[in-house]
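# An overview of the molecular structure
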Amino acid sequence: MTSAGSRTRVPRYEPSGTFIEWQSVPFPSFLAQFAPVAPESPNAEGIRDSWLFVSIFVFAIFVLVEGLLVAFIVKYRRQNRPRFEDGAQAHGATKLELAWTASPVVVLFLIAAFVFIELPGVKDIPEAAAGEEQLEIKVTGRQYYWQYEYPNGVIAIDQMRAPAGVPVSLEVTAPDADVIHSWWIPALGGKIDAIPGVTNETWFQAKNEGTYSGQCAELCGLEHARMLASVEVLSSDEFDAWLDERRAEQDAGSGELGQEEWEGVCAKCHGPSGEGGIAPRIAGSPTLTDRDALASIVRSGRGTMPAVGSGWTDEQIAVLLDYLTENPPSGS
Amino acid sequence: MVARAETPPAWQNGKFAGWLVTTDHKRIGILYIATSLVFFVLAGLMALVMRLQLAQANADIIGADRYNELVTIHGTTMIFLVGVPILAGFANFLVPLMIGTSDMAFPRLNALSYWFFVFGGTMLMLSFFADGGAADTGWTAYPPLSIQAPGSGQDLWILSLHLLTVSTVAGAVNFIVTITNMRTRGMSWTRMPLFVWSILIYGWLIMAVMPVLAAALTILLLDRGVSIGPWDVQTSFFNPADGGSSVLYQHAFWFFGHPEVYIIVLPAFGIISEVLPVFARKPIFGYKAIVASTVAIGFFSMLVWAHHMFTVGLPISLQAFFMIASMVIAVPTGVKVFNWLATLWRGNLSFDTPMLYSLGFLSLFVIGGLTGIYLAAFPIDWQVHDTYFVVAHFHYTLIGGVVFAIFAGLFYWWPKMFGRMLNEKLGKWQFWLLFIGFNVAFMPQHFAGLEGMPRRIYTYADESWEGYNLASTIGSYVMGIAIILFAVNVMRTRRSGERVGNDPWQADTLEWYTTSPPPLHNFDDVPYVTSARPLYDLRRRLRVERGEREPA
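Residues numbered from 1 in each chain as written. Chains lettered and ligands numbered in written order. Predicted model: local features only at pLDDT ≥ 70, side-chain atom pairs only at ≥ 80, totals over all residues.

Regarding its fold elements, chain B presents 16 helices and 4 strands. Relative to the compact-globule value of 24 Å for 552 residues, chain B shows a C-alpha radius of gyration of 24 Å, a close match. With the principal axes as the frame, chain B shows a C-alpha extent of 85 × 55 × 50 Å. Counting contacts in chain B only where the partners sit at least 6 residues apart, residues at least 24 apart contribute 81% of the total. (Helix = DSSP H or I, 4+ residues; strand = E, 2+ residues; numbered from the N terminus. Rg over C-alpha atoms; globule rule 2.2 N^0.38 Å. Contact = placed C-beta atoms within 7 Å.)

Regarding its fold elements, chain A presents 7 helices and 10 strands. Every one of the 332 residues in chain A was classed for burial, and the buried ones make up 44%. (Buried ≥ 20, exposed ≤ 12 C-beta atoms within 10 Å, placed from the backbone.)

Right, let's talk about the confidence of the model for chain B for a bit. Residues and elements named next belong to chain B. In the predicted model, chain B carries a mean pLDDT of 95, and the fraction of residues at 70 or more is 98%. The secondary-structure element of chain B with the lowest mean pLDDT is helix H16 (residues 534–549), recorded at 86, while helix H2 (residues 25–54) shows the highest, at 98. The ipTM value of the predicted complex is 0.93, and its pTM value is 0.94. (pLDDT = per-residue confidence, 0-100.)

Residues and elements named next belong to chain A. Each domain of chain A was delimited in the assignment, giving domain 1 (22–83 + 90–123), domain 2 (135–248) and domain 3 (256–326). Summarising the inter-unit geometry, the C-alpha centres of domain 1 and domain 2 are found 35 Å apart. Across the contact, 10 residues belong to domain 1 and 12 residues belong to domain 2. (Domains from an automatic or database assignment.)

Attention now goes to the sheet that holds strand S5 (residues 168–173) of chain A. Residues and elements named next belong to chain A. Pairing in this open sheet of 5 strands is mixed, and the strands run S3-S2-S1-S5-S8 from one edge to the other. Two strands bound the open sheet, and with one partner strand each, they are strand S3 (155–157) and strand S8 (200–204). Strand-to-strand, the axes of this sheet are offset by a mean angle of 25°, without reference to chain direction. Pairing of strand S2 (residues 145–149) with S3 involves 3 bridges; the strand directions are antiparallel. Bridged to Glu 149 within S3 is Ile 155. Contacts from helix H5 (residues 256–270) reach S2 and S3, with the element oriented near 35° to S3. (Pairing = 2+ DSSP bridges. Axes fitted to C-alpha atoms, helices over the stretch in contact; angles between N-to-C directions.)

This paragraph deals with the nonpolar core. Formed by 275 residues in total, the largest nonpolar core has its most connected members in B:Val196, B:Ala268, B:Ile272, B:Ala377 and B:Ala408. Setting aside anything within four residues of it in sequence, one finds B:Ala377 in contact with A:Ser50, A:Val54, A:Ile111, A:Val115 and B:Met323. (Core = buried A, V, L, I, M, F, W, Y, C linked by C-beta atoms within 7 Å.)

Turning to the sheet that holds strand S9 (residues 210–215) of chain A, a few remarks are in order. Residues and elements named next belong to chain A. Spatially, S4-S10-S9 is the arrangement adopted by the 3 strands of the open sheet, whose pairing is mixed. Two strands lie at the open edges of the sheet, namely strand S4 (159–163) and S9, each paired on one side alone. Across the sheet, the mean angle separating the axes of adjacent strands is 20° when strand polarity is ignored. Across 6 bridges, S9 lies against strand S10 (residues 228–234) in antiparallel orientation. The partner of Gln 215 across the bridge, within S10, is Leu 228.

Taken together, the 72 residues of chain A in the interface contact 68 residues of chain B. Going through the elements one at a time, helix H2 (42–75), helix H3 (94–123), strand S7 (192–194) and S9 of chain A are the ones with two or more residues in the side of chain A that touches chain B. Ranked by residues supplied to the side of chain A that touches chain B, first place goes to H2(A) with 14 residues. Tallied by class, residues from the side of chain A that touches chain B come to 41 nonpolar, 16 polar and 15 charged. (Nonpolar A, V, L, I, M, F, W, Y, C, P; charged D, E, K, R; others polar.)

A word on unusual backbone geometry. Residue A:Tyr144 is bonded to the preceding A:Gln143 through a cis peptide linkage, with omega at -10°. Of note, the bond from B:Pro143 into B:Pro144 is cis; its omega dihedral lies within 30 degrees of zero at 0°. Assignment of secondary structure puts B:Pro144 in the loop between helix H4 (107–126) and helix H5 (145–148). One non-glycine residue, B:Ala141, adopts positive backbone phi at about 45°. Note on placement: B:Ala141 falls in the loop between H4 and H5.

Walk down a regular strand and you will see the side chains alternate between the two sheet faces. All names here are of chain A. Burial analysis of S4 places 4 of its 5 residues in the buried class, which makes it a mostly covered element. The pairing of S4 with S10 spans 5 bridges and is classified as parallel. Residue pairing in the sheet places Arg 161 in a bridge with Glu 232 of S10.

Residues and elements named next belong to chain B. Two numbers describe how H2 lies on helix H15 (residues 466–496): the axes approach to 9 Å, and their chain directions differ by 155°. By the angle between their directions, the pair H2 and H15 is classed as roughly antiparallel. Handedness of the H2/H15 crossing: left-handed. In this structure, H2 contributes Val 41, Gly 44, Ala 47, Leu 48, Arg 51, Leu 52 and Leu 54 to the contact, and H15 contributes Asn 469, Ser 472, Thr 473, Ser 476, Tyr 477, Gly 480 and Ile 483. Class assignment of the residues belonging to the contact of H2 with H15 gives a composition of 7 nonpolar, 6 polar and 1 charged. (Parallel < 35°, antiparallel > 145°, perpendicular 65-115°, else oblique. Left-handed = near helix turned anticlockwise from the far one by under 90°.)

What follows deals with helix H9 (residues 287–300) of chain B. With 14 residues, H9(B) extends 20 Å between its outermost C-alpha atoms, agreeing within 8% with the 20 Å of an ideal straight helix rising 1.5 Å per residue. Of the residues making up H9(B), those classed as buried are B:Tyr287, B:Ala289, B:Ile290, B:Val291, B:Ser293, B:Thr294, B:Ile297, B:Gly298 and B:Phe300. As for H9(B), its buried residues are in contact with H3 of chain A together with helix H7 (194–224), helix H8 (246–280) and helix H10 (316–344) of chain B. (Expected span 1.5 Å × (residues − 1).)

Rendered as structure tokens:
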């Protein structure tokens, strides 16, 4: 990977430093299966390491308790004894009881200690290399789409692009009049809520190019299930090229953003071809090609339709108008 | 002691009217249990419809609106109309009998609690027919979504929960007063049955946290806007659009919400602590440790609420505190599990249906407890929060734990309630179907959640989740068959169930001292209580007396 442009540089990816290298520990495959998805970012890796550490104790306790249970059931079943014959009249054993009060404390202490050791690698965004800026993206959760704003003003909907290897910090929020959503791409780390009036932060540093998907994780209304998100990780060069291209398109009032807006914002409720869904049919409506009417309904809502595009720039309205003029929804 | 009522008017003795006007704790207890079982079936059916919708990717059996209503009312019903009241039913029936008294301290308040529960529950069910359908914002009803929710379903949900809160708090006062003041001679705190202990802590927890829920719901109602006389009131405590904080609601809700889990689980623990010793023919192992752990769980349950809020962006120091507090609560829970295991040790185990359910409880609850450790570790929770992993986790505690304990209790105390034993053969079939169906339904959900499936989605596009979901759906219908078997069992037992004596299990606690079913006033006399096992002591004394006579 090579650096390109002055905006971002690609540091070599370094795995998070944990005192045990999990990849080298032979895990039974069922145990590896019972874990979060394969991590593609150091924070997701720290979480998965913590998970596997906890798993050691969880499986040991599971085997111990279920094993004792089965053993006792087999060993102390009645067999030929009379139905109501007394078992051993043991009322307790203080030392034993102290032991099984104290040993979980030790286990939990170890788990808590491990979590705190892993924590910095999960929560702290790595320092960017000297003289370089991190990439900051503003993520806004809205009913029912994700809007991303890049430092140069480029806007994207639902599909984020990011360069491989670069620490990307995310400012996650929701408009005041919206509801709570939760940003989550499992391979790129844990989730963080997008709360109206609050700005939360999270980050990722994708190891490999590829597309990683996730979806809103906080019930946000009727189309919560369709509020998908994905992050397409490109090489740094490709990413820079993409960002410049989108900037130019946006200035020209056309291009991909219009389609993203239609698919991400309009079509989830009105249907992919405007044929109607949980919201009415809009194919053929004159509003779609009337700049002022479109801007008004998108920015202010109408009836039960929320103001899905409150705060949208004129550019955003323009590209949607352009897309709808070029590609009028067929309605079927 | 309660003054006996004067002779009631004749119409109140009618078969139907007698139940309507009853203030007898036993009848109220049975009413509570029966009503809760009706709600259990209704909420179960809602789950089966949801499972049908989720069996395949991109299915279109019910729409998003209906699904969200079902997900909300299923959860609300199972928690507020099944979990809490069915255990209140057991407590109503059992507490006065177990402590050797004739009724609850406030019999009419007791009836009031029951009827508030019925009205609150009925209102929730009928809210499906309200303008805009039932509430559809989840059982947690987070604002701003619940403030913006159109129609009157959300308002009816709030009103229904208000009624249930009044019902539950009135019931809790009654239990606390009864248990504190009306124990029979000789029954000191350390000779009290463990189920009664669990109800005492249940009562105190309700007193501590339910008012907080009521306050949060009242504010939510005001935020939604209400008309009080000529004034339209609309506040914005939780509404960020007008400067409120939606996270504040989450704090209030979970300050109630997490102890609520223990309000349900502690009495279930109590049932297990009663059943295991009887079928192991042993005293409970470590009585005092179990009491202490019940008290500790009750206390710490009020200090862990924000582990439901690890993803809202709380300061790390706060998250660390709530992780440690949540881990602390695992210790007394572990103590209980080990004490139950030790109760089996060197016992004389019989595997009647109540025992099968108790052992099933032990094996499943452990899984629910262990998956809780992952959720308590906050960075891990960032990954699995609000996914099907959490759904699996709490169903292992609430079905594997509570529902299994409830069936253990029903099969164990049925002969005391009605004088007839539930059919054992059907009961064992039901157990195995429920046990297998449950694991098939909920074990795969752990994996679906780990692979990224969030909860509360009405459909999904990712076909790799289909296998887990199909298994889940199949398992849930097997559980449905198990519940049908129970209904058949109840019908058969009503007509032709085996009549058994007053004490078919040779149990140790006072409820088995009286007749089955017990008379209105419960006991003609109550033996002086000399230990936590008064009937065991009594049987031993009788054996000694007989032994003395034999040589002569």
